Amino acid sequence: MREEIKKRAEAIVRGLTLEEKAAFCSGKGLWHLKGLERAGIPDIMVADGPHGLRKQAAPDDRPGVRDSVPATCFPTAVGLAAAWNCELLTAVGRALGEECLQEGVSVLLGPGMNIKRSPLCGRNFEYFSDPYLAGACAAALVRGVQSVGVGTAVKHFAVNNQEKYRMSVNAVVDERALREIYLAGFEKAIKEARPWTVMAAYNKLNGVYATENKELLTGILREEWGFDGLVMSDWGATDDRVRALAAGMDLEMPSSGGINDRLLVEAVRKGVLPEEKLDAAVKRVLSLILTTAAHKREGFRCDMEAHHKLARRAASEGMVLLKNEGGLLPLPAEAKIALIGQFAEKPRYQGAGSSLVNPFRLDTALAAGLARLGGKLSYAPGYDIKNAAAKEKLLAEARETARAAEITVILAGLTDEYESEGFDREHLQLPDSHNRLIESICQVTDKVVVVLFNGAPVLMPWLDRVPAVLEAYLPGQAGGSALWDILLGDINPSGKLPETFPSAENDYPAAHYFPMGPEQVEYRESLYVGYRYYDTAGTEPLFPFGHGLSYTTFVYSGLTLSRDRLREDEELTVTLTVENAGDLAGAEVVQLYVRDPESSVFRPEKELKGFAKVYLLPKEKKVLTFTLDKRAFAYYDVARHQWQVESGEFAILAGASSRDIRLCKHVYVEGTAKAAGQPGSETYRRPGPGWQVAREDFALLLGRNLPPGSTVKPYHRNTPLVLLRRNLIGRLLYFRVMQEVRRQASGNAVQDRMMAATARELPLRAIVTMSGGAITFDQLDGLLDLLNGHYLRGLARLWRSRKKKKL
């Protein structure tokens, strides 16, 4: 079918006018790709949905995240990653694809797979994990969605790791960190699962917008990785449309009202843009439309109840038992249980922003608990989710409820106001009302289980006083039922952390360089993200990467390597035995790490290179097999621009977390790399607790001078709107735009905050592209002249542009 579609697309392109070609390279409204009736090309629809379909039911010209059709809300990406189960991710992907078929959606805009450089990124709940685990999860989800004929959009490509100034900030990253951390997951997903589309990010990467970064979109993505699908922009991410198309970005989303289409036509006619470049982009757009149209199934209906059951399984597999002193869990069958926390009746089960799903069903922990325990369950809200301050009346009621019970289960976490697309978190603390509740309950009972609902790490100042902690993440619509499956022991917890939980606010290196801005953020920590830093520096985390307990015990043994010496182009087979030594059936995630102890370039203490989830009955044993290839031992050589292996001995480590290594063997790998070292590497060779990097040391690592720090003037097309407030004309424009944002408010405080935050940091060019032709770039340039004090030139430009519009 691929060759037939390719030939048909080529034939259609030959019959198109220049204007028709350009029109295919931008969307139709917010959520559609344009068709062409005379050529038999239908419109197709795309929709948000990393963890559930968000098909906007409102008219196409209404931006926002409201009024979506009912769909299954699965756990967010962090919860899915915590399951460490690719088979489960593929099943979830297939269910998402089926719901797209049911609703006539051709491309699902996900998965999101950016790296969690800082635990404060407001959108971390929507991302998976470490590069290796993120790549495996994304590949599995993509395979599932596309298996039913619905496309995916792997996003946000690339280095889009903060919400603050995300639409314009320049991410300055050294080449090794770029390749080994920020691109590695994308590379794995793209090579293994062949997604039909990739979404280019808002931000700049080393001075060039991702949407017009030829090295990224053509050199790496297409030529190096072999990607042959379509590249689209994130919504409103296009800066210079002509440069973007020349760089390899095929489709601008959403529609710019024809503004940028006309720029493409003009560029071709002037010889600035070769028409064959435009033709290639149109062929890719047409191929996507024709491919998805061929898979449409009119009248298709999926089994939504089966999807709810799958969501329940996914939620339980992604819950991580962090602590269980004295075997407090599972709960005794006849115990009187106090359930405390308003999340029990008003659950926090997903994040806010463009991924917000309208669940067709929602299981609350209170309703599910009453159905299971009846009169043995008592309840008190403990806090008000709309107010972070503790209320003494609610605390007193909660204490009395706990006193009357044998075991107390507290539901705590981050409320919607703490995590969302559009803004980052300000700290790692829980709301004060949640911390106060836990401390208050610990005064009246020592049998306390804390269940956390959050999309990213939090601090736990009460941890020493609480015997059991369960991390539920944001578990989706079936999370309430899945919680009791875990608490009552129907399901043995098997989740593992896909991230490190810090023990203090600033004990990870990016804390000192996040979010920076407004124009630039410097990734001075390089490779040392997450466990790579903690394990190398010897900094003690609250909970390490890969950690997760079970109600049973697993024993590792018999680590065997297929050879003790190999060439870099040969594969190494690793086998080991896992035994369930306990009395309950359960699942263990075995993690395989590789350490290079003698590299001439700085490397993390160890890196994840494989994992497997194995289900075992009591006393059952299974042999697991892993295969390691060249990339498991390689680093990216910035001088030669390729992956290299240095000859030497490597340690193969098998463990239950990055800090719980059970088995170790060594292998000698004969590589072809010559020990060359790396500029500036001494600063990075052995970081310690509290490690920071000076700007000049980071410049040495980059091998070039750092761009100058952020400036405010002169104002330009990509200046964020909020920075105009220092200027009278700018203040008037700012307040007018924000007035319109308030006018369109939905009434949902979190969604309205997200929209307001996005609007405040909107680059000025977006006012043009989102105006549908009401404002032109000529008018914007005239306004910029006025803002920069060039009053006569600005007025002249505005006058000329006014006359041009009338013509």
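First, a word on what this report is: a plain description of the structure on this page.

About the criteria used
- Residues numbered from 1 in each chain as written.
- Predicted model: local features only at pLDDT ≥ 70, side-chain atom pairs only at ≥ 80, totals over all residues.
- Heavy atoms only, no water.
- 1 Å grid on protein atoms, 1.4 Å probe; cavity = no way out; pocket = protein on both sides within 12 Å on 5 of 7 lines; lining within 4 Å.
- Points joined across faces, edges and corners; volume = space filled by probe spheres on them.
- Helix = DSSP H or I, 4+ residues; strand = E, 2+ residues; numbered from the N terminus.
- Nonpolar A, V, L, I, M, F, W, Y, C, P; charged D, E, K, R; others polar.
- Salt bridge = Lys/Arg side-chain N within 4 Å of Asp/Glu carboxyl O.
- Buried < 20%, exposed > 50% of the residue type's maximum accessible area, 1.4 Å probe, protein only.
- Pairing = 2+ DSSP bridges.
- Contact = heavy atoms within 4.5 Å.
- Polar contact = N/O pair within 3.5 Å; in protein donor to acceptor, adjacent residues only side chain to side chain.
- Arc of directions from axis to C-beta.
- Axes fitted to C-alpha atoms, helices over the stretch in contact; angles between N-to-C directions.
- Parallel < 35°, antiparallel > 145°, perpendicular 65-115°, else oblique.
- Left-handed = near helix turned anticlockwise from the far one by under 90°.

Our focus in this paragraph is the layout of surface pockets. Estimated volume of the second largest pocket: approximately 700 Å³. Forming the walls of the second largest pocket are 27 residues, and the residues nearest its centre are Tyr-132, Lys-188, Lys-609, Asp-629 and Arg-631. Put simply, the parts of the chain that give the lining of the second largest pocket at least two residues each are helix H5 (131-146), helix H7 (184-193), strand S24 (607-616) and strand S25 (621-628). Considered class by class, the residues forming the lining of the second largest pocket number 12 nonpolar, 4 polar and 11 charged.

Moving on, we get to the pattern of salt bridges. Any two side chains of opposite charge can pair, given that their charged atoms come close. Tallying each qualifying case throughout the model produces 71 salt bridges. Here Glu-103 ties to Lys-55 by a salt bridge, and the two come within 3.6 Å at their closest N and O atoms. Of this pair, Glu-103 sits in helix H4 (residues 86-103) while Lys-55 is found in the loop between strand S3 (44-48) and strand S4 (70-71), placing the two residues 48 residues apart along the sequence. Overall, Lys-55 belongs to the buried group, its relative accessible area being 17%. Through salt bridges with shared partners, a single network forms among Arg-123, Glu-126, Lys-155, Glu-163, Arg-166 and Glu-421.

On the basis of which strands lie adjacent, the open sheet formed by 7 strands has the order S1-S2-S3-S5-S6-S8-S11 and mixed pairing. Among the strands making up the open sheet, the edge pair consists of strand S1 (27-28) and strand S11 (230-233).

Next up on the list: the environment of Leu-559. As for its position among the elements, Leu-559 is in strand S20 (residues 554-561). Classification of Leu-559 as buried rests on a relative accessible area of 8%. Expressed as a C-alpha distance, the spacing of Leu-559 and Lys-674, which sit 115 residues apart in the sequence, is 31 Å. Look past the residues within four positions of Leu-559 in its chain and what remains in contact with it is Val-574, Thr-575, Leu-576, Ile-652, Leu-663, Cys-664 and Lys-665.

Among the 5 residues of strand S12 (residues 320-324), 5 are classified as buried, and the element is accordingly described as predominantly covered. Both S12 and strand S18 (residues 468-471) contribute to a ladder of 4 bridges, which runs antiparallel. Along S18, the bridge assignment pairs Leu-321 with Leu-470.

For the rest of this paragraph, the subject is the environment of Cys-121. With respect to the element layout, Cys-121 can be found in the loop between strand S5 (107-109) and H5. Residue classification places Cys-121 among the buried positions, given a relative accessible area of 2%. In sequence terms Cys-121 and Phe-514 are 393 residues apart; their C-alpha atoms lie 9.0 Å from each other. Residues contacting Cys-121, with those up to four places away along its chain left out, are Asn-161, Gln-162, Glu-163, Asp-424 and Phe-514.

Positionally, Asp-363 belongs in the loop between strand S14 (358-359) and helix H13 (365-373). You can call Asp-363 buried: its relative accessible area is 10%. One polar contact links Asp-363 to Ser-481, side chain to side chain, over a distance of 2.8 Å. Excluding anything up to four places from it in sequence, Asp-363 contacts His-308, Gln-477, Ala-478, Gly-480 and Ser-481.

Those residues of helix H19 (residues 695-702) that fall on the buried side of the exposure criterion are Phe-698, Ala-699, Leu-701 and Leu-702. Down the axis of H19, the smallest arc covering the buried residues is 160°, so these residues share one side. On the buried face of H19, the contacting elements are strand S7 (170-172), strand S19 (520-522) and helix H18 (682-685). Gly-703 occupies a position one or two residues after H19 and carries a positive phi of about 80°.

A few words now on empty space enclosed by the protein. Scanning all chains against the criterion turns up 5 cavities of 30 Å³ or more. Counted as a void, the largest cavity has a volume near 290 Å³. Along its surface, the largest cavity is lined by 27 residues, and Lys-116, Thr-500, Val-529, Gly-530 and Tyr-531 are the ones closest to its centre. Take the lining of the largest cavity: its biggest share by element is 4 residues, from helix H17 (residues 531-537). Lining the second largest cavity are Phe-343, Pro-347, Arg-348, Tyr-349, Asp-363, Thr-364, Ala-365, Phe-453, Pro-475, Gly-476, Gly-479 and Gly-480. Taken together, the residues that form the lining of the second largest cavity break down as 6 nonpolar, 4 polar and 2 charged.

What follows covers the packing of helix H12 (residues 304-317) against helix H16 (residues 479-487). At a minimum axis separation of 8 Å, H12 and H16 run at an interaxial angle of 50°. What the angle tells us is that H12 and H16 run oblique. For the pair H12 and H16, the sense of crossing is right-handed. Facing H12, whose interface residues are Arg-312, Ala-315 and Ser-316, H16 presents Gly-479, Ser-481, Ala-482, Asp-485 and Ile-486. Looking at side-chain class alone, the contact of H12 with H16 contains 3 nonpolar, 3 polar and 2 charged residues.

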